[in-house]
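# Residue-level structural notes
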Amino acid sequence: MSSDGAGRRPPTAQQFVLAELRRAITTGRLRPGAPIRQDALAEELQVSRVPLREALKTLEGEGLVTYKAHKGYCVATLSLDDLREVYRIRELLEEEAVRRAVPRLTDADFDRLEAAQSDVERAAAAGDVLAMATANRLFHMTLFDCAGMPRLARLIRTLWDTTDAYRSMYYGEGGNRERVVKEHRATLDALRRRSADEAVATLDVHRDHAVTELESLLPASP
């Protein structure tokens with residue numbers, strides 16, 4: 001093993017399967033409500049059923065999959081109430097993250113935010129939904145990480161995981177992609193002026209637009 005890899009270990013089979021399944025769900029490759037066929041997945045990932053079962057238990061705990069007797073695991077679906085609850089909690093946590101981050105932002109942080117935004121704009125122009133979802137997430141998480149509160153950032157990431165598959169649907173519309181680009185630019189402008197209030201308000205509108213569009217894709221709560 002090379003010296004620069006000394007603190008890093010290859011993932012265990014369970015960690016590998018967990019990462020692959022989470023990616024498949026959050027990118028929408030495994031769609032909400034889709035059954036998870038363990039035999040096929042184990043063969044595709046070239047692992048035994050044991051790490052796959054353990055990974056599914058972890059994802060069930062995170063709310064990304066559900067288990068029903070005699071039916072097995074399925075990708076979790078969200079109701080309207082679920083979506084609204086997730087976005088309301090995000091609003092509360094992300095406001096704190098933004099307000100903490102604003103006075104801490106450095107030139108290097110702005111460089112990272114601009115690089116992520118360039119990727120968002122490139123993907124939006126190309127209509128590449130998966131690349132845009134990935135770049136959008138990087139843009140937001142780069143900002144939240146600047147708060148210097150890793151536990152808060154982890155909580156926000158977990159909430160994002162539960163709605164990422166739906167967010168990919170949101171980016172399917174060209175008008176939504178253009179709106180995201182403009183809202184990110186407005187957020188960056190507010191951050192550069194160290195206006196936490198304006199950045200929070202812009203991101204609130206950003207989330208509200210997504211919720212309004214996604215509501216039409218989700219089943220009404222019982």
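- Per an unreviewed UniProt entry, the protein chain carries the name GntR family transcriptional regulator and comes from Nonomuraea diastatica.

### Quick look at the nonpolar core
- Val98, Leu105, Leu113, Leu143, Phe144, Ile156 and Leu191 are the most contacted members of the largest nonpolar core, which totals 24 residues.
- Secondary structure elements with two or more residues in this core: α4 (80-101), α5 (107-126), α6 (129-145), α7 (150-170), α8 (174-192) and α9 (196-215).
- Once you skip the residues sitting within four places of it in the chain, Leu143 turns out to touch Val98, Ala101, Leu105, Leu113, Leu191 and Leu203.

### Details of the pattern of salt bridges
- Across all of its chains, the model carries 23 salt bridges by this definition.
- Of the charged contacts in the structure, one is a salt bridge between Arg22 and Glu62, with a shortest N-O distance of 2.7 Å. Within this pair, whereas Arg22 is found in helix α1 (residues 13-26), its partner Glu62 is found in helix α3 (residues 49-62), the two being separated by 40 residues in sequence.
- Judged by its relative accessible area of 26%, Glu62 is partly exposed.
- Across the pair Arg193 and Glu198 runs a salt bridge, and its minimum N-O distance is 2.7 Å.
- Its relative accessible area of 43% is what places Arg193 among the partly exposed residues.

### Remarks on the domain arrangement of the protein chain
- Domain assignment breaks the protein chain into domain 1 (13-75) and domain 2 (80-217).
- With centres defined by C-alpha atoms, the gap from domain 1 to domain 2 works out at 26 Å.
- Taken together, the contacts link nine residues of domain 1 with eight residues of domain 2.
- Regarding the contact of domain 1 and domain 2, the summed buried area is about 720 Å², with carbon and sulfur atoms giving 66% of it.
- A per-residue breakdown of the area domain 1 buries against domain 2 is headed by Thr26, Thr27 and Pro32, which together make up 55% of the total.
- At the surface where domain 1 touches domain 2, the tally comes to one salt bridge.
- At the boundary of domain 1 and domain 2, one finds zero residue pairs in polar contact (both at pLDDT 80 or more).
- Element by element, the count of residues in the side of domain 1 that touches domain 2 is highest for α1, at three residues.

### What about the packing of aromatic side chains?
- Applying the stated criterion across every chain yields a total of two aromatic pairs.
- Relative to Tyr171, the ring of Tyr170 has its centre 5.7 Å away and its plane inclined at 45 degrees; by these criteria the two rings are tilted. Here Tyr170 matches Tyr171 in class, with each residue buried.
- The residue whose ring lies beneath Arg90 is Tyr87, and the NZ or CZ to ring-centre distance is 4.7 Å.

### What about the UniProt feature "domain: HTH gntR-type" (unreviewed entry) in the protein chain?
- Within this numbering scheme, the UniProt entry marks residues 11-78 as carrying the feature "domain: HTH gntR-type" (unreviewed entry).
- Structurally, residues 11-78 comprises 53% helix and 12% strand, and the distance from its first C-alpha atom to its last is 30 Å.

### Considerations on α3
- End to end, α3 covers 20 Å across 14 residues, agreeing with the expected 20 Å (1.5 Å per residue, within 8%).
- Among the residues of α3, Pro51, Leu52, Ala55, Leu56 and Leu59 are the ones counted as buried. One side of α3 holds all its buried residues, which, seen down the axis, span an arc of 140 degrees.
- Lining the buried residues of α3 we find α1, α2 (38-45), β1 (65-68) and β2 (72-75).
- Positive phi shows up at Gly63, right after α3, with a value of about 85 degrees.

Definitions and limits used
Residues numbered from 1 in each chain as written. Predicted model: local features only at pLDDT ≥ 70, side-chain atom pairs only at ≥ 80, totals over all residues. Heavy atoms only, no water. Core = buried A, V, L, I, M, F, W, Y, C linked by side-chain atoms within 4.5 Å. Buried < 20%, exposed > 50% of the residue type's maximum accessible area, 1.4 Å probe, protein only. Helix = DSSP H or I, 4+ residues; strand = E, 2+ residues; numbered from the N terminus. Contact = heavy atoms within 4.5 Å. Salt bridge = Lys/Arg side-chain N within 4 Å of Asp/Glu carboxyl O. Domains from an automatic or database assignment. Buried area = accessible area lost by both parts, 1.4 Å probe. Polar contact = N/O pair within 3.5 Å; in protein donor to acceptor, adjacent residues only side chain to side chain. Phe/Tyr/Trp six-rings, centres within 6.5 Å; stacked < 30°, edge-to-face > 60°. Lys NZ or Arg CZ within 6 Å of the ring centre and 35° of its normal. UniProt positions renumbered as here; feature names shortened; annotations may be inferred. Expected span 1.5 Å × (residues − 1). Arc of directions from axis to C-beta.

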